[in-house]
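# Understanding the architecture of this molecule
The residues making up each chain are set out below.
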Amino acid sequence: MTDERKDPSELSDADKPTGNVSSPYDSPTEQFPTVSAKNPLPRTDDDLDFGSTNANSLTEQIPIYRAPGADQPTVALERETAYDAPITAVPTAEAVAGTTETPRGRGTLDLGLLALRLAVGGTALVHGLQKLTGIWNGPGLGGFETMLADAGFQQAKWMAILGAVGEVAGGALLILGLLTPVAAASVLAVMINAWALRQASAPGLEYFAPAGTEYEMLLGICAGVIILTGPGRISLDGRRGWATRPFVGSLVVLILGIAAGVCTWIFLNGANPLI
């Protein structure tokens with residue numbers, strides 16, 4: 001016995017089925033409409049007219065879903081004021097880098113401070129050596145003592161030693177840039193007494209040289225400036241913070257230097273230099 005299907009035309013009358021159809025292949029469940037001139041196959045989008053009664057039955061219209069209230073007119077929503085704030089652009093990394101202030105160098109400031117220290121320190125050094133040793137036609141320590149005694153100083157011997165040593169040590173330290181505030185304060189105190197001595201030797205206010213006080217005043221002011229500015233980086237004190245950024249300490253040293261010079265004149269001489 002085989003499972004080969006036989007052509008219905010080759011079946012005998014005894015083999016032909018009788019009564020109801022027993023096979024689904026003999027009776028299809030759906031009959032497609034016949035294509036005719038009245039009902040041709042659609043070929044374009046216009047032929048797929050879903051709403052027309054003449055639409056081809058081969059196509060099927062998909063139902064459209066419409067939400068409740070979709071046919072009502074659209075109402076414009078009011079915009080909240082919080083969203084009306086102006087929008088600011090976020091700065092980019094390049095813009096931030098361009099606006100950041102970069103630290104600037106000191107330029108020629110340290111070179112200028114070196115020149116100032118050399119001028120003031122060198123002048124104080126050579127004048128102190130004249131008084132201390134008598135070199136370069138100087139008065140020497142004895143002649144300087146006599147000069148101070150004639151000017152009315154008490155303890156002229158000690159004043160001569162302190163004055164000469166103060167000029168030599170202060171000038172040398174200024175040149176090196178070592179202990180600069182103390183060295184400049186020493187030179188400033190000596191110059192205050194030299195200014196008062198020169199001013200008291202002549203009646204009235206005298207400024208221009210040779211009888212005036214312009215030399216002593218210029219050296220004293222420059223010494224005070226060095227105290228306030230610091231020695232700069234080209235010095236032995238260059239790595240100290242106050243050497244490049246002096247603050248309250250430098251102001252205190254300046255006041256002490258002025259006080260030392262004024263007190264020395266008042267207590268060891270006492271004359272009024274302005275008369």
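The preceding data block contains the structure.
A short tour of the structure in this document, coming up. Quick caveat: nothing in here was measured; it's all calculated off a predicted structure.

## Overview of the packing of helix 6 (residues 214-229) against helix 8 (residues 248-268)
Closest axis-to-axis distance for the helix 6/helix 8 pair is 8 Å, and the angle between their directions is 155°. Judged by the angle between their axes, helix 6 and helix 8 are roughly antiparallel. Between helix 6, through Gly224, Ile227 and Leu228, and helix 8, the contact on the second element is made entirely by Ser250, Leu251, Val253 and Leu254. Looking at side-chain class alone, the contact of helix 6 with helix 8 contains 5 nonpolar, 2 polar and no charged residues.

## A look at the environment of threonine 123
Here threonine 123 shows up in helix 2 (residues 109-133). Separated by 96 residues in the primary sequence, threonine 123 and leucine 219 place their C-alpha atoms 8.5 Å from one another. Discounting chain neighbours no more than four positions away, the residues touching threonine 123 are Tyr215 and Leu219.

## What about the nonpolar core?
Counting residues in each nonpolar core, the largest one holds 17 residues, and the members touching the most others are Val120, Leu174, Val187, Leu188 and Ile227. Among the secondary structure elements, those contributing two or more residues to this core are helix 2, helix 5 (180-200) and helix 6. Looking at this core element by element, the count peaks at 8 residues for helix 5. When neighbours within four sequence positions are excluded, leucine 188 is seen to be in contact with Gly220, Ala223, Ile227, Leu254, Gly257 and Ile258. Core analysis: the second largest hydrophobic core is formed by 8 residues, Phe144, Ala156, Ala160 and Ala196 among them.

## Details of the side chain of asparagine 193
Inspection of the secondary structure puts asparagine 193 in helix 5. Take asparagine 193: its relative accessible area is 10%, and that puts it in the buried class. Those residues in contact with asparagine 193 that sit more than four places away from it in its chain are Phe153, Gly261, Thr264 and Trp265.

## Points about the layout of surface pockets
Taken as a whole, the largest pocket spans an internal volume of roughly 680 Å³. Lining of the largest pocket is provided by 27 residues; of these, Lys131, Phe144, Glu167, Val190 and Ala194 occupy positions nearest its centre. Secondary structure elements with two or more residues in the lining of the largest pocket: helix 2, helix 3 (140-150), helix 4 (156-176), helix 5, helix 6 and helix 8. Element by element, the count of residues in the lining of the largest pocket is highest for helix 5, at 8 residues. Considering only residue class, the lining of the largest pocket consists of 15 nonpolar, 8 polar and 4 charged.

## Points about the side chain of glutamate 216
Residue position: glutamate 216 is located in helix 6. On the basis of relative accessibility, which here comes to 7%, the residue glutamate 216 falls in the buried class. Apart from the residues lying within four places of it in its own chain, the contact partners of glutamate 216 are Met191, Ala194, Trp195 and Arg198.

## Quick look at the packing of aromatic side chains
Counting across every chain of the model gives 2 aromatic pairs. On the numbers, 5.3 Å between centres and 80° between planes, the contact of phenylalanine 153 with tryptophan 265 is edge-to-face. Taken together, the residues span a long stretch of sequence, with phenylalanine 153 in the loop between helix 3 and helix 4 and tryptophan 265 in helix 8 at a distance of 112 residues. Residue classification places phenylalanine 153 among the buried positions, given a relative accessible area of 6%. With a centroid separation of 5.2 Å and 80° between ring planes, the pair formed by tyrosine 207 and phenylalanine 208 is classed as edge-to-face. A relative accessible area of 38% means that tyrosine 207 is categorised as partly exposed. Above the plane of the ring of phenylalanine 144 lies lysine 131, whose end atom (NZ or CZ) is 5.6 Å from the centre.

Cut-offs and rules
- Residues numbered from 1 in each chain as written.
- Predicted model: local features only at pLDDT ≥ 70, side-chain atom pairs only at ≥ 80, totals over all residues.
- Heavy atoms only, no water.
- Axes fitted to C-alpha atoms, helices over the stretch in contact; angles between N-to-C directions.
- Helix = DSSP H or I, 4+ residues; strand = E, 2+ residues; numbered from the N terminus.
- Parallel < 35°, antiparallel > 145°, perpendicular 65-115°, else oblique.
- Contact = heavy atoms within 4.5 Å.
- Nonpolar A, V, L, I, M, F, W, Y, C, P; charged D, E, K, R; others polar.
- Core = buried A, V, L, I, M, F, W, Y, C linked by side-chain atoms within 4.5 Å.
- Buried < 20%, exposed > 50% of the residue type's maximum accessible area, 1.4 Å probe, protein only.
- 1 Å grid on protein atoms, 1.4 Å probe; cavity = no way out; pocket = protein on both sides within 12 Å on 5 of 7 lines; lining within 4 Å.
- Points joined across faces, edges and corners; volume = space filled by probe spheres on them.
- Phe/Tyr/Trp six-rings, centres within 6.5 Å; stacked < 30°, edge-to-face > 60°.
- Lys NZ or Arg CZ within 6 Å of the ring centre and 35° of its normal.

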